[in-house]
Protein chains: 2
Amino acid sequence: MMANSRIVPVEVMKNFIKNIMIKLNVDPSHAENLADVLVTGDYRGHFSHGLNRIELYIKDIQQGTCKKDGIPKILKETSATAWVDGNALLGPVVGKFCMELAIKKAKESGVGWVVAKGSNHFGIAGYYSMMALSHKLLGMSFTNASPLLAPTRSTEAFFGTNPLSLSAPSSSKNDDFVLDMATSVVALGKVEIANRKEEKIPHGWVIDKNGKTSDDPANFHALLPLGGPEHSSGYKGYGLAALVEIFTSILGGSAMAPNVRSWSDNHTEANLGQCFIAINPDCFAPGFSDRMSELNHNLRTQKPADPDRPVLVHGDPERAHMQKCDQQGGIEYHINQIKMADKLAEQFEIEPLKTIDN
Amino acid sequence: MMANSRIVPVEVMKNFIKNIMIKLNVDPSHAENLADVLVTGDYRGHFSHGLNRIELYIKDIQQGTCKKDGIPKILKETSATAWVDGNALLGPVVGKFCMELAIKKAKESGVGWVVAKGSNHFGIAGYYSMMALSHKLLGMSFTNASPLLAPTRSTEAFFGTNPLSLSAPSSSKNDDFVLDMATSVVALGKVEIANRKEEKIPHGWVIDKNGKTSDDPANFHALLPLGGPEHSSGYKGYGLAALVEIFTSILGGSAMAPNVRSWSDNHTEANLGQCFIAINPDCFAPGFSDRMSELNHNLRTQKPADPDRPVLVHGDPERAHMQKCDQQGGIEYHINQIKMADKLAEQFEIEPLKTIDN
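Residues numbered from 1 in each chain as written. Chains lettered and ligands numbered in written order. Predicted model: local features only at pLDDT ≥ 70, side-chain atom pairs only at ≥ 80, totals over all residues. Heavy atoms only, no water.

Novice: Would you mind going over the overall build of chain A in detail, with residue names and values included?
Specialist: Looking only at helices and strands, chain A features ten helices and twelve strands. Dimensions of chain A, computed from C-alpha atoms along their principal axes, come out at roughly 55 × 45 × 45 Å. Out of the 358 residues belonging to chain A, those deemed buried represent 61%. A sequence separation of at least 24 residues applies to 67% of the contacts in chain A between residues at least 6 apart. Only carbon and sulfur atoms are counted for the fraction: they give 49% of the accessible area of chain A, which is about 13,500 Å². Separation of charge centres in chain A, based on 36 positive and 40 negative side chains, amounts to 2 Å. (Helix = DSSP H or I, 4+ residues; strand = E, 2+ residues; numbered from the N terminus. Buried < 20%, exposed > 50% of the residue type's maximum accessible area, 1.4 Å probe, protein only. Contact = heavy atoms within 4.5 Å. Areas by Shrake-Rupley, 256 points an atom, 1.4 Å probe, with all protein chains shown as cover. Lys, Arg positive; Asp, Glu negative; His and termini not counted. Charge placed at Lys NZ, Arg CZ, Asp CG, Glu CD.)

Novice: So what's going on with the relation of the copies chain B and chain A? Residues and values would help.
Specialist: Once chain B is rotated about the relating axis by 180 degrees and shifted along it by 0.0 Å, it coincides with chain A to within an RMSD of 0.0 Å. Between the two chains, the operation in question is that of a two-fold axis. Taking C-alpha positions as reference, the residue of chain B nearest the rotation axis is Gly227(B), located at 2.1 Å. Interface residue correspondence from chain B to chain A reaches 100%, placing this contact among same-surface, isologous pairings. (Least-squares fit on C-alpha atoms with pLDDT ≥ 70 in both.)

Novice: So what's going on with the sheet that holds strand S9 (residues 213–214) of chain B? Which residues, and what values?
Specialist: Residue and element names in this part refer to chain B. Pairing is antiparallel in the open sheet, where three strands are placed in the order S9-S8-S10. Bordering the open sheet on either side are S9 and strand S10 (222–223), each of which pairs with just one other strand. Of the strand pairs in this sheet, strand S8 (residues 206–207) and S9 are connected by two bridges, and their pairing is antiparallel. Along S9, the bridge assignment pairs Val206 with Ser214. (Pairing = 2+ DSSP bridges.)

Novice: I'd love a proper account of the packing of aromatic side chains, names of residues and values included.
Specialist: Residues and elements named next belong to chain A. For the structure on display, the rule yields 18 aromatic pairs over all chains. Seen from their ring centres, Trp113 and Phe247 are 5.3 Å apart, and the 80 degrees between their planes marks the pair as edge-to-face. Highlighted residues: Trp113 in strand S4 (residues 111–119) and Phe247 in helix H7 (residues 234–252), separated in sequence by 134 residues. Exposure remark for Trp113: the relative accessible area of 1% places this residue in the buried category. (Phe/Tyr/Trp six-rings, centres within 6.5 Å; stacked < 30°, edge-to-face > 60°.)

Novice: An account of the environment of Ala341(B) is requested, with residue identities and associated values reported.
Specialist: In this structure, Ala341(B) sits in helix H10 (residues 335–348). Separated by 325 residues in the primary sequence, Ala341(B) and Phe16(B) have C-alpha atoms spaced 8.7 Å apart.

Novice: Residue-level account of the packing of H7(A) against helix H8 (residues 288–300) of chain B, with values.
Specialist: For the pair H7(A) and H8(B), the least separation of the axes is 10 Å and the interaxial angle reads 145 degrees. Helix-helix and strand crossings are classified by hand; for H7(A) and H8(B) the assignment is right-handed. Residues Tyr238(A), Glu245(A), Ile246(A), Ser249(A), Ile250(A) and Leu251(A) of H7(A) pack against Phe288(B), Arg291(B), Met292(B), Leu295(B) and Leu299(B) of H8(B). Within the contact of H7(A) with H8(B), the residues separate by chemical class into eight nonpolar, one polar and two charged. (Axes fitted to C-alpha atoms, helices over the stretch in contact; angles between N-to-C directions. Left-handed = near helix turned anticlockwise from the far one by under 90°. Nonpolar A, V, L, I, M, F, W, Y, C, P; charged D, E, K, R; others polar.)

Novice: Requested: an account of the pairing of strand S7 (residues 177–181) of chain B, with residues and values cited.
Specialist: All names here are of chain B. Of all five residues in S7, four are buried; the element is thus mostly enclosed. Direction of pairing for strand S6 (residues 164–168) relative to S7: antiparallel, over a ladder of five bridges. Note that in S7 the partner of Ser167 across the bridge is Val178.

Novice: Could you give an account of helix H3 (residues 54–63) of chain A, naming the residues involved and the relevant values?
Specialist: Residues and elements named next belong to chain A. The complete set of buried residues in H3 reads Ile54, Leu56, Tyr57, Ile58, Asp60 and Ile61. Tucked inside the fold, the buried residues of H3 contact helix H1 (10–23), helix H2 (28–43) and helix H10 (335–348). Backbone geometry just after H3 places Gly64 at a positive phi near 80 degrees.

Novice: Lay out the interface of chain B and chain A with the relevant residues and their values.
Specialist: The interface is formed by 87 residues belonging to chain B together with 88 residues belonging to chain A. Summing the contributions of chain B and of chain A, the shared interface buries around 7,000 Å²; its carbon and sulfur component is 69%. Together, Arg153(B), Lys236(B) and Phe284(B) form the three largest contributors to the area buried by chain B at its contact with chain A, with a combined 11%. At the surface where chain B touches chain A, the tally comes to two salt bridges. Across the salt bridge formed by Arg309(B) and Glu230(A), the nearest N and O atoms sit 3.1 Å from each other. Counting the contacts that link chain B with chain A gives 30 residue pairs in polar contact (both at pLDDT 80 or more). Its residues placed into classes, the side of chain B that touches chain A shows 52 nonpolar, 23 polar and twelve charged. (Buried area = accessible area lost by both parts, 1.4 Å probe. Salt bridge = Lys/Arg side-chain N within 4 Å of Asp/Glu carboxyl O. Polar contact = N/O pair within 3.5 Å; in protein donor to acceptor, adjacent residues only side chain to side chain.)

Novice: Describe H8(B), naming the residues involved and giving the relevant values.
Specialist: The end-to-end C-alpha distance of H8(B), which contains 13 residues, comes to 18 Å, matching closely the 18 Å that a straight helix rising 1.5 Å per residue would cover. Turning to H8(B), its buried residues are Phe288(B), Arg291(B), Met292(B), Ser293(B), Leu295(B), Asn296(B), Asn298(B) and Leu299(B). (Expected span 1.5 Å × (residues − 1).)

Novice: Tell me about the pattern of salt bridges, residues and numbers included.
Specialist: Side chains bearing opposite charge may pair, as long as their charged atoms lie close to each other. Under the defined criterion, the tally for this structure stands at 27 salt bridges over all chains. Residue Lys200(A) is joined to Asp215(A) by a salt bridge in which the shortest nitrogen-to-oxygen separation is 4.0 Å. With Lys200(A) in the loop between helix H6 (188–196) and strand S8 (206–207) and Asp215(A) in the loop between strand S9 (213–214) and strand S10 (222–223), this pair connects stretches of sequence that are 15 residues apart. Given a relative accessible area of 26%, Asp215(A) falls into the partly exposed group. The partner of Lys67(B) in a salt bridge is Glu269(B), and the shortest N-O contact between them spans 3.9 Å. Here Lys67(B), found in the loop between helix H3 (54–63) and strand S2 (73–77), pairs with Glu269(B), found in the loop between helix H7 (234–252) and strand S11 (272–279); they are 202 residues apart in sequence, far enough to count as distant. Judged by relative accessible area, which is 32%, Lys67(B) ranks as partly exposed. Exposure remark for Glu269(B): the relative accessible area of 40% places this residue in the partly exposed category. Here the salt bridges do not stand alone but share partners, grouping Asp175(A), Arg300(A), Asp316(A) and Arg319(A) into one network.

Novice: I'd love a proper account of the sheet that holds S6(B), names of residues and values included.
Specialist: All names here are of chain B. Pairing is mixed across the open sheet formed by seven strands, whose spatial order is S2-S3-S4-S11-S5-S6-S7. Lying at the two open borders of the sheet, with one neighbouring strand each, are S2 and S7. The mean angle between the axes of side-by-side strands here comes to 15 degrees, regardless of whether they run parallel or antiparallel. Docked against the sheet, H7 engages strand S3 (81–85), strand S4 (111–119), strand S5 (138–143), S6 and S11, running at close to 70 degrees with respect to S4.

Nothing here speaks to function; it is geometry throughout.
Written as structure tokens, this is what we have:
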């Protein structure tokens, strides 16, 4: 552990987030949903999507742009599909509702394809795709988001970082495939960190206000899509961002790019579009999870260019992080995160975080 | 038109390919399927997937690794899914069968998800996803392929270029969204062309035999995934190649990476895995095609970095190419392609290609 960090047990952090939400009069089961999604983000090592985002959820609840209670509503339904109104509830509430519905439909019809409008930020996309795993199903999830990503050749942000996720069950222990990726080349966080450290970034991550790639994070105007500039196939990443937009806002009728509210706007309902898919592998060739296990094994045993950096399967870095957390007795947060949490504890008059080393 | 090229009307080229296949005793309807897919590739400007590939199909038929007649077989079925054995028939025959099935299921259940094993090279993935458009459905298609793409950190090719395609109908004329992309950073063809011209290629396209990126196409050992090296998020492209592999061979039980036969092997059945999806947008928010049209319009009117290079929607470059073909009276082929076709005409004793300028 580093001197400037503190360790917080998973359950302690979940209760902390839940308690803040309950103080805001959020339905306790909704508070629980949010806490579980955010802390799962931190536990898996995706700190940008965990405690770090709590203030966004607090502000949305305080402004009333995100609702404290209620239930999502199914607007239209077939044996394999559903269109859902998230009723401006917390993203994790909408996401869990929709993914459970997709799972139920996949068990009945082979595939469940559920699209929501009226949702909010739902944390890590992987949380929802992974819900399918305990049912031995494949899961997918998608969300649109506030504009950050410039289409190839454009000077302006248009799409969000529009993540997509696929989880697929393996027959080996701790071996599930979990892809959870933004369709931008990198997350905004990486650019912000470089900017704070006054470090250069590789060309191809961001464009300046003239639409030229820049290696100076201070010139950030928009993120480039996966692939970077046009000559290195950035138009493919742009196409994937569009695919996510089509599966979310265009199918769902929510706010659509480039008109999704900006990241700093808490006064407008986010009205995000999200898509959740479950697929039953038993409807296809028998032995899916064994083949998945074989694929993963074959990948991990590929000869690496650097013997110290073995070939990984999607989900391995997160498993390594969770193992480290378990060994340490909790999640390791930067001291600044703990200080922020202490301020929130004071503000909401709840018990401060109890770290395992103080 | 350039001096070293010839123009061939679309129907003339289709008949030419069909006639070769009929001389090989291929079922005439299968010959027609193949001709339509390959010439559609050329017409849309994807010359690497058209006439250019004819010899691969001829060799597979001659070797008997690709079957001349028969029908694909549905092995398992639900209202929304099907598992199909392609019975080693031509890829376009399997693809058309599966996509028609997916479309039928999407009309009944909202989604049709069809996975095939026992298939062969099916030409451009976009051909199948676009089949959904005339039914006002969204279409998707995926295929695995011979190893060419090295996973992040690996020194060896493992996946194929594993393409994915999404087509979505717009309410405006000639405005459908058609994404059709390999999950490698570039196609092998671009590296081969640079090698012939003895030109450098950008770092991040290929690795050499030690797994290092190289700007010398002569050092080509494997393609990198979309995103390039690890530091520019190549692991995302690697994840997308894995996603395509999961949707094809792992769901379908076909030959799976890295054990798919090599490009030069015509003695083993390809046994490719392919996946075809159709989605009925009427199962979700009303007005899908109008929103699609709005999205496309908003993208095309974004301010470009270079006024001479406007922002495009996926499908626009292909529409421009088809318009050029229509104005010229046919598809413009390099003279070497025509010479190759003349040799085939002699070999198979069929009428040589009649170009519009000779």
